[in-house]
Amino acid sequence: MRSPERLYTYRTMVKQADKPAGKRVAKEVPPKKSAEEQIAVFNETFESFNQTLKQVNDSYARLQKRYQKLSDELTATNDKLLQALDQNIQTRSFLENILESLTSGVMTIDLDGRINSINKAGCEILQVSAESLIDQAYDKIYDGTLRRPCSLTDLLSNGPGYRHVEKLVQLAGGQQVPILVSSSCIHDHDGEVVGALEIFDDLTELRRMQEEMAQVKSLAALGEVAAVVAHEVRNPLNGIEGFASMLREELGEEHPKIGYVDKIIAGVGKLNRSVSSLLDYARDLKHDPQQEDLCSFLKETIDYFRMDLGARGISTRIELKTPATEVPCLFDRENLSGALINLFNNASEAMDHAGRITVLAETHSSGVAIDVIDEGKSVPDEIKGQIFTPFFTTREGGTGLGLALVRKVIDAHKGEIEVHDNKPRGSVFRVVLPQSAPRPQGREGQAGSR
């Protein structure tokens with residue numbers, strides 16, 4: 001029996017033989033597979049597909065797991081970087097705050113000698129803005145006053161560093177300011193020089209204090225010598241005054257030369273007052289402060305001054321303005337009274353003993369202020385800083401010790417005294433004293449208030 005495949009081939013060849021000549025083509029057709037064979041092939045192919053799909057799924061799962069791990073690592077790394085960045089920002093901000101809070105000026109330059117940073121104190125000392133200095137040449141700000149051996153640009157060229165060296169800086173207005181400077185190179189992590197910095201302080205206030213101290217020492221020595229001289233002069237003066245008074249009594253009022261004797265007596269009196277002022281200034285001040293109501297004290301002092309004005313026939317008026325409540329203050333009654341009367345007399349003399357003096361007392365944050373206001377000639381601006389200096393006077397016949405003694409008394413009270421112009425005319429002498437705490441109200445205080 002012929003197999004199905006051979007039978008299929010035979011029949012095909014027969015059909016081709018029946019065709020016309022020239023069109024016969026021998027073609028062998030593959031036999032059809034059975035259903036079981038086709039199912040087996042399909043199952044084999046499907047199994048292969050499943051295995052391939054499983055491999056793809058496994059690879060995808062591994063890739064997804066790897067991706068998740070890398071993503072987690074990247075997230076953790078980003079978190080660490082953000083934390084480090086935030087910490088760096090905080091550290092930088094903290095360092096910048098420190099730099100801006102320094103009272104010393106700090107300036108840095110790059111390798112080209114150009115300024116790339118300066119702090120707030122540096123701008124205040126140089127009286128410039130940071131924007132006007134950034135990217136400017138370092139040597140330019142000294143404008144020819146820079147001493148070359150002490151230059152940051154020389155330091156970058158392997159020059160010697162310097163510490164606590166004085167320089168002069170010429171400001172935009174032409175003023176020269178003394179500064180004390182120190183320098184250092186700036187290095188990176190590899191130790192390479194990337195710039196230089198300079199730290200500087202304004203010496204203007206220090207120089208002023210040194211000059212004042214030298215002046216005080218000089219005046220103290222002069223005061224000691226003057227006190228000795230005054231003490232030696234006082235005895236002969238007393239003798240001259242005594243003999244002149246006896247001569248006046250002997251000559252009588254009608255004698256034609258009595259005027260000369262009166263001038264002698266007046267001159268001796270003037271010299272005696274000068275000697276007394278000199279001795280008062282040179283003498284150690286006995287200071288015994290007590291807590292009292294300043295308003296009551298001012299009223300008593302002004303009442304005494306009014307009586308003195310009346311006795312001398314002077315028409316100067318004086319008024320007092322104080323708070324309605326008590327103002328407790330710690331002061332030495334005798335010393336402060338003498339200082340205030342000295343200020344009152346100066347105010348009266350500034351008005352040629354014809355005008356009004358206003359004494360104003362008030363409290364504020366820094367203590368208790370006492371203003372002595374006159375309507376006379378204002379103190380010229382050029383001598384306001386000198387009027388409290390011993391032996392300085394603009395008044396003919398003045399000793400120059402009155403305001404110096406006032407200053408000495410106020411300093412003993414740990415207070416301050418200054419002078420301002422009074423608008424539209426006159427001067428204001430302001431005394432500021434530390435204010436004391438209110439006295440506790442016990443039984444005595446309650447009984448006194450009934």
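Everything below is about the structure printed above this text.
Treat the numbers as computed from the prediction; the structure is a model and nothing was measured.

### Considerations on the overall build of the protein
Helix and strand counts for the protein stand at 11 helices and 12 strands. Here the protein holds 450 residues, and 29% of them are scored as buried. By sequence separation, contacts in the protein at least 24 residues apart represent 59% of the contacts at least 6 residues apart. For the protein, the accessible surface area stands at approximately 30400 Å², while carbon and sulfur atoms represent 54% of it.

### Some remarks on the nonpolar core
Core analysis: the biggest nonpolar cluster contains 39 residues, and Leu-294, Leu-343, Phe-344 and Phe-429 have the highest contact counts within it. Elements with a contribution of two residues or more to this core: helix H8 (294–312), strand E8 (328–331), helix H9 (333–350), strand E9 (356–364), strand E10 (367–373), helix H10 (402–412), strand E11 (416–421) and strand E12 (427–433). Those residues in contact with Leu-343, other than ones at most four positions away along the chain, are Val-372, Leu-403, Val-406, Ile-417, Phe-429 and Val-431. By size, the runner-up hydrophobic cluster in this structure holds 22 residues, among which are Ile-109, Val-169, Leu-171 and Ala-196.

### Some details on the environment of Thr-389
Relative to the elements of secondary structure, Thr-389 occurs in the loop between E10 and H10. Sequence separation of Thr-389 and Leu-403 is 14 residues, and the distance between their C-alpha atoms is 7.7 Å.

### Considerations on the pattern of salt bridges
As enumerated under the stated definition, the model contains 19 salt bridges in all. Asp-58 is paired through a salt bridge with Lys-54; the nearest N and O atoms lie 3.2 Å apart. Here Asp-58 and its partner Lys-54 are both found in helix H2 (residues 35–101), 4 residues apart, which amounts to about one turn of the helix. Under the relative-accessibility criterion, Asp-58 is labelled partly exposed at 31%. Owing to a relative accessible area of 52%, Lys-54 belongs among the exposed residues under this scheme. Arg-248 is the salt-bridge partner of Asp-262, the closest N and O atoms lying 2.5 Å from each other. Of this pair, Asp-262 sits in helix H7 (residues 258–282) while Arg-248 is found in helix H6 (residues 204–251), placing the two residues 14 residues apart along the sequence.

### Structural notes on the packing of H8 against H9
In the contact formed by H8 and H9, the axes pass within 10 Å of each other and the chain directions differ by 50 degrees. Relative to H9, the element H8 is oriented oblique. Seen along the crossing, H8 lies across H9 with a hand that is right-handed. Side by side, H8 and H9 meet where Leu-294, Phe-297, Leu-298, Glu-300, Thr-301, Ile-302, Tyr-304, Phe-305 and Arg-312 of the first sit next to Arg-333, Leu-336, Ser-337, Leu-340, Ile-341, Phe-344 and Asn-345 of the second.

What counts, and where the lines are drawn
- Residues numbered from 1 in each chain as written.
- Predicted model: local features only at pLDDT ≥ 70, side-chain atom pairs only at ≥ 80, totals over all residues.
- Heavy atoms only, no water.
- Helix = DSSP H or I, 4+ residues; strand = E, 2+ residues; numbered from the N terminus.
- Buried < 20%, exposed > 50% of the residue type's maximum accessible area, 1.4 Å probe, protein only.
- Contact = heavy atoms within 4.5 Å.
- Areas by Shrake-Rupley, 256 points an atom, 1.4 Å probe, with all protein chains shown as cover.
- Core = buried A, V, L, I, M, F, W, Y, C linked by side-chain atoms within 4.5 Å.
- Salt bridge = Lys/Arg side-chain N within 4 Å of Asp/Glu carboxyl O.
- Axes fitted to C-alpha atoms, helices over the stretch in contact; angles between N-to-C directions.
- Parallel < 35°, antiparallel > 145°, perpendicular 65-115°, else oblique.
- Left-handed = near helix turned anticlockwise from the far one by under 90°.

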